[in-house]
Amino acid sequence: ILPHLYKYLLRQSKIFSTEALNEHEQMLRMRGRPKVMLARNYEEAMALYEKYSDQVMGVISDVSFIKDGVKDTMAGLKLAREIRKRDPYLPIIIESTQSELRDLVGDFNGIFLDKNSKKLPVDLGEAITNNFGFGDFIFRDPRTGEEILRIKSLNDMQKHIKDVPAESLYSHALKNDISRWLYSRAMFSIA
């Protein structure tokens, strides 16, 4: 997963850097791109989450890894459930070779990726784009889920933020969607 993730992030950072006003700002955007943190066990993952919880754009976890010093075949699901208790809106991707576990991610509204899939890189890219703030920002009606406005760039956001109904803006702000979208574009202080 990591090589695909890094490739995706680098490609997105290059695209977003074109929104910068000048070459210096482009360089800063490339350097300031979102960071990937790798935890080797459950305890490290929780420590990283607790330390950076205000800035985490999303979590990607395997189902099986070390917890309490031994391999736990469900540690990723336990991690996801614990994080979900603390943040009901954080995107969580669970990946596994065991496709029969797909239904278990519904317990915490997660996204499942099959590591045996021939289109894993595409599935990963789509999951990140649609959930971690890398795609267009889509303002939706909080009652119906209907698309109200689609924002493609920071310039677009600046021009159209006043056109967004207050209820939609509040709903997206409450779920940290706006911050996540700004983080993906390396706009950390605004996010």
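Above this text sits the structure in question.
Residues numbered from 1 in each chain as written. Predicted model: local features only at pLDDT ≥ 70, side-chain atom pairs only at ≥ 80, totals over all residues. Heavy atoms only, no water.

Caption draft 1: A look at the overall build of the protein. Tallying secondary structure elements over the protein gives eight helices and seven strands in all. Taking 16 Å as the expected radius of gyration for a compact globule of 191 residues, we find that the protein reaches 17 Å, a close match to that expectation. When its C-alpha atoms are laid out on the principal axes, the protein stretches across 50 × 40 × 35 Å. The proportion of buried residues among the 191 residues of the protein is 41%. If you take every contact in the protein between residues at least 6 apart in sequence, the share linking residues at least 24 apart comes to 55%. When the accessible surface of the protein is totalled, it reaches about 11200 Å², and 52% of it is carbon and sulfur. On the protein, the mean spot of the 29 positive side-chain charges and the mean spot of the 27 negative ones are 4 Å from each other. (Helix = DSSP H or I, 4+ residues; strand = E, 2+ residues; numbered from the N terminus. Rg over C-alpha atoms; globule rule 2.2 N^0.38 Å. Buried < 20%, exposed > 50% of the residue type's maximum accessible area, 1.4 Å probe, protein only. Contact = heavy atoms within 4.5 Å. Areas by Shrake-Rupley, 256 points an atom, 1.4 Å probe, with all protein chains shown as cover. Lys, Arg positive; Asp, Glu negative; His and termini not counted. Charge placed at Lys NZ, Arg CZ, Asp CG, Glu CD.)

Caption draft 2: Local environment of the environment of Ile151. Secondary-structure assignment places Ile151 in strand β7 (residues 147–151). Accessibility expressed as a relative area gives 0% for Ile151, which makes it buried. Put simply, Ile151 and Tyr89 are 62 residues apart on the chain and 20 Å apart in space, counted from C-alpha to C-alpha. With residues near it in sequence (within four places) discarded, Ile151 still touches Asp136, Phe137, Phe139, Asp156, Met157, His160 and Trp181.

Caption draft 3: Representation of the pattern of salt bridges within the structure. Tallied over the full model, the rule gives 15 salt bridges. When salt bridges that share partners are traced, they join Glu50, Glu82, Lys85 and Arg86 into one network. (Salt bridge = Lys/Arg side-chain N within 4 Å of Asp/Glu carboxyl O.)

Caption draft 4: Molecular detail of unusual backbone geometry. Despite not being glycine, Asp68 has its phi angle at roughly 55 degrees, a positive value. The phi angle at Asn109 is positive, at roughly 55 degrees, despite the residue not being glycine. As for its position among the elements, Asn109 is in the loop between β4 (92–96) and β5 (111–114). For Asn109, a relative accessible area of 62% translates into the label exposed.

Caption draft 5: A look at the sheet that holds β4. Within the open sheet, the three strands sit side by side as β1-β4-β5. Their pairing is parallel. This sheet does not close on itself; its edge strands, each paired only once, are β1 (59–62) and β5. Across this sheet, the average inter-strand angle for adjacent strands is 25 degrees, counted without regard to direction. Bridging between β4 and β5 involves four bridges; their strand directions are parallel. Note that in β5 the partner of Glu95 across the bridge is Leu113. Running over the sheet, helix α4 (residues 75–86) touches β1 and β4 and is turned about 175 degrees from β4. Those strands touched by helix α5 (residues 120–131) are β1, β4 and β5, and its axis lies near 165 degrees from that of β5. (Pairing = 2+ DSSP bridges. Axes fitted to C-alpha atoms, helices over the stretch in contact; angles between N-to-C directions.)

Caption draft 6: Main features of the nonpolar core. One finds Leu79, Ile83, Ile92, Ile94 and Phe108 to be the most contacted residues of the largest nonpolar core, which totals 19 residues. Among the elements of the structure, α3 (42–52), α4 and β4 are those that each provide at least two residues to this core. No other element matches the five residues that α4 contributes to this core. When neighbours within four sequence positions are excluded, Ile92 is seen to be in contact with Val59, Ala80, Ile83, Arg84, Phe108, Gly110 and Ile111. Judged by nonpolar contacts, the second largest core, of 13 residues, contains Leu113, Leu120, Ala127 and Tyr183. (Core = buried A, V, L, I, M, F, W, Y, C linked by side-chain atoms within 4.5 Å.)

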